[in-house]
Amino acid sequence: MDSVLPNGRKLPVDFALQHPQDYLDAVSFLIPALLRLTDVSKEEVISVGIDFTSCSVLPITEDGTPLCLLNEFSDNPHSYVKLWKHHGAQPQADIVNRVAKERGEKWLAAMGGKVSSEWAIPKLLEMFDNAPEVYRSTYKYLEAGDWLIYKLTGHLASSLASAGFRFCYTEEDGYPSPEFFGACREGFENCADKFVNDVILTESKAGELSAFGASLTGLSVGTAVSAMQIDGQCGLRGSGIHEEGRIALIVGTSVCVILLSKSGVNVDGICGMVKDGICTGYYGYEAGQCCVGDLFGWFINECVPSSYNEEAERRGISVHQVLRERASKLRPGESGLIALDWWNGNRSVLDDNDLSGLIIGLSVTTRTEEIYRALLEASAFGLRVIIEKLESSGIEIKDIVASGGIAHKDPFFMQIYADITNKEIKICESRQAAALSSAICAAVAAGEEKSGFSDFSEAVERLAHVPNLSYKPSPENVALYDKLYDEYKALHDEFGRGGNDIMKRLKQLKRLSKQL
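Residues numbered from 1 in each chain as written. Predicted model: local features only at pLDDT ≥ 70, side-chain atom pairs only at ≥ 80, totals over all residues. Heavy atoms only, no water.

Q: What's the story with the sheet that holds strand E20 (residues 469–471) in this structure? I'm lost.
A: Sheet strands associate in pairs through backbone hydrogen bonding, adopting either a parallel or an antiparallel arrangement. Taken in spatial order, the seven strands of this open sheet run E14-E15-E13-E12-E18-E19-E20, and their pairing is mixed. The open sheet is flanked by strand E14 (272–275) and E20, the only strands paired with a single partner. The sheet shows a mean angle of 25° between the axes of neighbouring strands, direction not considered. When strand E12 (residues 246–251) meets strand E13 (residues 255–261), the two strands line up antiparallel, connected through four bridges. Residue Ile-250 lies in a different strand from E13, and its bridge partner there is Cys-256. Set on the sheet, helix H16 (residues 411–421) makes contact with E12, E13, strand E18 (399–403), strand E19 (425–427) and E20; between it and E19 the angle comes to about 150°. (Pairing = 2+ DSSP bridges. Helix = DSSP H or I, 4+ residues; strand = E, 2+ residues; numbered from the N terminus. Axes fitted to C-alpha atoms, helices over the stretch in contact; angles between N-to-C directions. Contact = heavy atoms within 4.5 Å.)

Put into structure tokens, the structure is as follows:
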């Protein structure tokens, strides 16, 4: 992801793009390299599974060429992949949500009552508004993961996860109606013609490697390829979850909260609820926070004094470890700080990317590790908001299984999560839960004769093992954090629910100043 286009043109505010050639280059390099390193022959590979960041969408021509590869569009930012963290479509998301509410669109409730600016429809409307020539030339607008599978197999399809969670598709009614799209913007009525019509179950076979796909990967023609998995949702199967009532918590750059239920309940502020969208036979729920690992990366890069880096270098450890050691000596509330963790907006439950971060309680005696701990706590408070919303909507939560880099590397962080949520948090055995989940999907897509697995439950049971490490809440810390959480919630509602819109006003001023 770059801040400039290949021609050197600087990207507008809130843009986050990627070049689709990166994905083909990665596949053509990594898979052959993996075969060499593991001494596995291509004949031994029975299937390929792909998980992908989402919503990461791109426009293509009828022959599957991304528009950014065409000379006439190479300097147009709307022709590239718009990553999940692209937030330039917030004005369009506001229009989509207003019109959907005015019209009483029934699909909106399943999307949590709001469509995020990260999702596909606002991004396509952003293109329609700002790059009509790109819009007119777009044959299909699809998830980059679905596009990659199309390139590998020649079969153009969308997984139900992509269509349901990111394009507002329902199995009953399909995509939203032309009347709805036309009400959003005149001339936008037929935009759904640019969406992929063949929607397949997420737990299904998408196709087989074509001659091109085989040449790209170094695998055999005819090798099975499973439907695209959304990377955050992949943590569920990789954590050994194939039943309802258990949260899969994926902690990394962002946080994803994924769970299954036999019943479909509309929950305000989540990312979506899709029948069969994650596991067939269940309603899949997704919520999350869009800035966690990114937040601590920002803090390390921009806010840590040189003395901390010098200590880390002298001791041969990371700066994170230095900060953890110092922050762990503090009691909950000792710093006098509290923060709102919205450095990249809020995904759940406010679903507003015009919100921004906040720290209250700073003084001339505030130390770096106190701010670091306050940011860790803010992230956990944000998770608690999501959990409480799910539970208050009648969804049972039995336990939490965490995966991702932070879950495995940072015991201090995970203990804070357990204390603030007052939930036992188990750690997934696999350090690559998303990759394991993709492998599970690939195995089932290959068929029982080749893989030995008759269904997903059996594959999950045999391949994803029960966690043996967990963090249990400390009653003393829980009591202190309950008091801090009351303060977090007061700030959360004041700045996030319209009590004080200063964050939005500042964001608008920032946009205006960049245009001058």
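Q: Where do I start with the sheet that holds strand E9 (residues 205–208) in this structure?
A: On the basis of which strands lie adjacent, the open sheet formed by three strands has the order E2-E10-E9 and mixed pairing. Edge positions in the sheet fall to strand E2 (47–48) and E9, since each has one partner strand and no second. Sheet analysis places E9 next to strand E10 (residues 224–226), joined by three bridges and oriented antiparallel. Residue pairing across strands places Glu-208 opposite Ala-224, the latter belonging to E10.

Q: When you look at the packing of aromatic side chains in this model, what are you seeing that I'm missing?
A: Scanning the model with the defined rule gives 22 aromatic pairs in all. Geometrically, the ring pair formed by Phe-299 and Tyr-372 is tilted, given 6.0 Å between the ring centres and 40° between the ring planes. Of the two residues, Phe-299 is situated in helix H11 (residues 293–303) and Tyr-372 in helix H14 (residues 368–392); the sequence distance between them amounts to 73 residues. One aromatic cluster is present, formed by Trp-107, Phe-128, Tyr-135, Phe-167, Tyr-169, Tyr-175, Phe-180, Phe-181, Phe-188 and Phe-195 through successive ring pairs. Directly above the aromatic system of Trp-119 lies the positively charged group of Arg-166, at a separation of 4.1 Å from the ring centroid. (Phe/Tyr/Trp six-rings, centres within 6.5 Å; stacked < 30°, edge-to-face > 60°. Lys NZ or Arg CZ within 6 Å of the ring centre and 35° of its normal.)

Q: Teacher, can you tell me more about the packing of H11 against helix H13 (residues 319–327) here?
A: How two helices pack is summed up by the angle between their axes together with the distance between the axes. It is at 11 Å that the axes of H11 and H13 come closest, and there the two elements cross at 95°. Judged on the interaxial angle alone, H13 and H11 are roughly perpendicular. Listed contacts from H13 to Phe-296, Phe-299 and Ile-300 of H11 are Val-319, His-320 and Leu-323. Each residue belonging to the contact of H11 with H13 can be placed in one class, and the counts come to five nonpolar, one polar and no charged. (Parallel < 35°, antiparallel > 145°, perpendicular 65-115°, else oblique. Nonpolar A, V, L, I, M, F, W, Y, C, P; charged D, E, K, R; others polar.)

Q: Is there a simple way to explain the side chain of Gln-229 in this structure?
A: Within the secondary structure layout, Gln-229 lies in strand E11 (residues 229–230). Its relative accessible area of 1% is what places Gln-229 among the buried residues. Within the structure, the side chain of Gln-229 is placed 3.0 Å from the backbone oxygen of Thr-202, a separation counted as a polar contact. Not counting chain neighbours up to four residues away, the residues in contact with Gln-229 comprise Ile-50, Asp-51, Phe-52, Thr-202, Cys-234, Arg-237, Ser-438 and Cys-441. (Buried < 20%, exposed > 50% of the residue type's maximum accessible area, 1.4 Å probe, protein only. Polar contact = N/O pair within 3.5 Å; in protein donor to acceptor, adjacent residues only side chain to side chain.)

Q: Any chance you could explain the environment of Gly-207 here in plain terms?
A: On the secondary structure map, Gly-207 appears in strand E9. On the accessibility criterion, Gly-207 (13% relative accessible area) is buried. Not counting chain neighbours up to four residues away, the residues in contact with Gly-207 comprise Thr-153, Thr-223, Ala-224 and Val-225.

Q: Any chance you could explain a nonpolar patch on the surface here in plain terms?
A: Nonpolar side chains collect at one region of the surface, where Ile-502, Leu-506, Leu-509 and Leu-512 lie side by side and expose about 360 Å² of accessible area between them. Secondary-structure assignment places Leu-506 in helix H21 (residues 502–515). Classification of Leu-506 as exposed rests on a relative accessible area of 51%. (Patch = residues over 30% accessible without salt bridge, like charges linked within 9 Å, V, L, I, M, F, W, Y side chains within 5 Å. Areas by Shrake-Rupley, 256 points an atom, 1.4 Å probe, with all protein chains shown as cover. Salt bridge = Lys/Arg side-chain N within 4 Å of Asp/Glu carboxyl O.)

Q: Mind showing me how you'd approach the nonpolar core here?
A: A general feature of soluble globular proteins is that nonpolar side chains tend to end up buried together. Core analysis: the largest hydrophobic core is formed by 83 residues, its most contacted members being Trp-147 and Phe-195. Excluding residues within four positions of it along the chain, Trp-147 makes contact with Pro-20, Tyr-23, Leu-24, Leu-58, Ile-60, Gly-64, Pro-66 and Leu-142. In this structure, Phe-296, Ile-420, Tyr-481 and Leu-484 belong to the second largest nonpolar core, which totals 70 residues. (Core = buried A, V, L, I, M, F, W, Y, C linked by side-chain atoms within 4.5 Å.)

Q: Explanation requested: the pattern of salt bridges in the structure shown.
A: When charged atoms on two side chains of opposite charge get close, those side chains can pair. As enumerated under the stated definition, the model contains 31 salt bridges in all. Close ionic contact of Glu-105 with Arg-103 constitutes a salt bridge, the shortest N to O distance being 2.7 Å. For Arg-103, a relative accessible area of 40% translates into the label partly exposed. Between Glu-208 and Lys-205 there is a salt bridge, with the nearest N and O atoms lying 2.8 Å from each other. Glu-208 sits in the partly exposed class, given a relative accessible area of 38%. Judged by its relative accessible area of 39%, Lys-205 is partly exposed.

Q: Looking at this structure, how should I read helix H2 (residues 90–103)?
A: Every α-helix carries 3.6 residues per turn, so stepping three or four residues along brings you back to the same face. With 14 residues, H2 ought to run about 20 Å at 1.5 Å a step, and its terminal C-alpha atoms sit 20 Å apart, in line with that. Residues Gln-90, Gln-92, Ala-93, Ile-95, Val-96, Asn-97, Val-99 and Ala-100 constitute the buried set of H2. Those residues of H2 hidden inside the fold are in contact with helix H3 (107–110), helix H4 (120–130), helix H8 (178–184) and H21. Immediately downstream of H2, the backbone of Gly-104 shows phi near 65°, a positive value. (Expected span 1.5 Å × (residues − 1).)

Q: Looking at this structure, I do not really get the pairing of strand E15 (residues 283–289). What am I missing?
A: Two faces, one strand: in a regular strand the side chains alternate between the faces of the sheet. For E15, the tally of buried residues reaches six of seven residues, placing the bulk of the element in the interior. When E13 meets E15, the two strands line up antiparallel, connected through seven bridges. Its bridge partner being in E15, Leu-260 is matched across the sheet by Gly-284. Where E14 meets E15, four bridges bridge the pair, whose relative direction is antiparallel. Of the residues in E15, the one forming a bridge with Lys-275 is Tyr-283.

Note that all results are geometric; they support no functional claim without further evidence.
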